[in-house]
Amino acid sequence: MRDFSADHRWLSLNTATVRKQGNFVEIVDACARHGVRAVSPWRDQVADVGLDRAVKAVKGAGLDLSGYCRGGMFVADAGHRQESRDDNRRAVDEAKALGAPCLVLVVGGLPQFSRPGSAPSKNLADAHRMVEEEIAYLLDYARKAGMPLALEPLHPMYAADRACVNTMRQALDICDRLDPAKSGALGLAVDVYHVYWDFELKAQIARAGRERILAFHVCDWLVPTRDLLLDRGMMGDGVADIPAIRALVEAQGFNGYVEVELLSNDWWSRPMDDVITTCLARFRSAV
Ligand code: ZN
């Protein structure tokens, strides 16, 4: 396992972590100031400054990417299916332009939340089927573009509105059906926040192996958690055994950037430089 105690060279900052404190270009500038070597941008933050300007900012600062957030939201009614497909192809193209190593997929839950305007449904089994069909469809395009897809299982509390793929086992079953050769075109984003509780975590990380682990995200699970979406904890402030999970991932040969991704009203209310400084310190002490 890599020793992170002395420096933060393997830290990547997911730009949602400081999304309220500045635009994408300002975040890239802050990363340069703090010696952060990599980022993982969100599509809306890129769109806000324009793709060309975002590409220039990343290249100008010499930053690597650890991923691009995010494609997905595949579940839609028939009238919104094409919108979803077009949108996801654009996400692949943007990831390619930015030089991302993978496009992260948050797959969507029920259609009315995944693609607003879709006819409401309570049928999660249908959602599961559609997710797999649409990943298969996008995979064809992504393969040709040379853009790996990183399926991110989300905590089960998001099954209805964000992602009906909720465990490592479920995500790996999809990967194995759609990419049995483990070609590198389809794998997982393993996010400690979403999977720390999973009693099968050790076995499923071993099952994933190096080929399937495309990204590794960290933050902490706070007790109590006051908001289902926007109360993620700074590493070290919660109950997730982050170093133990990192050890499992690295035992499979993962040696890429470890992405700090906090969606937190609390941390969004603090100055950007303070948040980044804290991320760097906690990266050394609690990751
Ligand atoms: Zn994540």
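Above: the structure in question.
In this structure, Glu152 (OE), Asp191 (OD), His217 (ND1) and Glu261 (OE) serve as the protein donors to the zinc ion, at separations of 2.1 to 2.2 Å. With four donor atoms in place around the zinc ion and angles of 82 to 151° between them, the coordination shape is irregular. Taken in sequence order, the residues that donate to the zinc ion follow the motif E-x38-D-x25-H-x43-E. Separated by 26 residues along the polypeptide, Asp191 in strand β7 (residues 186-191) and His217 in strand β8 (residues 213-218) bring together distant segments of the chain. Judged on exposure class, the residue Asp191 and its partner His217 are both buried.

As a further point, take helix α4 (residues 81-98). The first and last C-alpha atoms of α4 sit 26 Å apart over 18 residues, in line with the 26 Å expected at 1.5 Å per residue. Contacts from the buried residues of α4 go to α2 (43-49), α3 (51-60), β3 (64-65), β4 (68-72), β5 (103-106) and α6 (124-145). Once α4 finishes, Gly99 follows within two positions and takes phi at roughly 80°, a positive value.

This part covers the sheet that holds strand β9 (residues 258-260). The strand order across the open sheet formed by nine strands is β3-β2-β1-β9-β8-β7-β6-β5-β4, and the pairing between neighbours is parallel. At either margin of the open sheet sits one strand with a lone partner, and together these are β3 and β4. Bridge count for strand β1 (residues 11-14) against β9 is three bridges, and the pairing is parallel. Bridging from a neighbouring strand, Leu11 pairs with Val258 of β9. This element, helix α10 (residues 242-251), spans β8 and β9 of the sheet and lies at about 170° to β8.

With that out of the way, let us pick up the state of the cysteines. The tally for this structure, following the rule as stated, stands at zero disulfides. This cysteine, Cys219, is not joined by any disulfide, and Cys279 carries the nearest cysteine sulfur, 10 Å off. Assessed through its relative accessible area of 0%, Cys219 is described here as buried. The cysteine Cys279 is free of any disulfide, with Cys31 supplying the nearest cysteine sulfur at 9.6 Å. Look at Cys279 and you get buried, because its relative accessible area is 1%.

Taken as a whole and judged by the stated rule, the model has five aromatic pairs. Here Phe4 and Phe283 contribute two aromatic rings whose centre-to-centre distance is 4.7 Å and whose plane-to-plane angle is 15°, an arrangement assigned as stacked. Note that Phe4 is positioned in the segment before β1 and Phe283 in helix α12 (residues 272-286), a separation of 279 residues in sequence. Accessibility assignment for this pair places Phe4 and Phe283 in one class, buried. Judged by centre distance (6.3 Å) and plane angle (70°), the rings of Phe216 and Phe254 are edge-to-face. One end of the pair, Phe216, is in strand β8; the other, Phe254, is in the loop between α10 and β9, with 38 residues separating them in the sequence. Considered together, Phe216 and Phe254 belong to a single accessibility category, that of buried residues. When the ring centre of Tyr137 is taken as origin, the NZ or CZ atom of Arg85, which lies over that ring, is 3.6 Å away. In this structure, Arg246 packs its charged tip against the face of Phe4, placed 3.7 Å from the ring centre.

Rules of the game
- Residues numbered from 1 in each chain as written.
- Predicted model: local features only at pLDDT ≥ 70, side-chain atom pairs only at ≥ 80, totals over all residues.
- Heavy atoms only, no water.
- Donors = N, O, S within 2.8 Å, 3.2 Å for Na, K, Ca; no water.
- Tetrahedral: all angles 85-135°; square planar, octahedral: opposite > 155°, others 65-115°.
- Helix = DSSP H or I, 4+ residues; strand = E, 2+ residues; numbered from the N terminus.
- Buried < 20%, exposed > 50% of the residue type's maximum accessible area, 1.4 Å probe, protein only.
- Expected span 1.5 Å × (residues − 1).
- Contact = heavy atoms within 4.5 Å.
- Pairing = 2+ DSSP bridges.
- Axes fitted to C-alpha atoms, helices over the stretch in contact; angles between N-to-C directions.
- Disulfide = S-S within 2.5 Å.
- Phe/Tyr/Trp six-rings, centres within 6.5 Å; stacked < 30°, edge-to-face > 60°.
- Lys NZ or Arg CZ within 6 Å of the ring centre and 35° of its normal.

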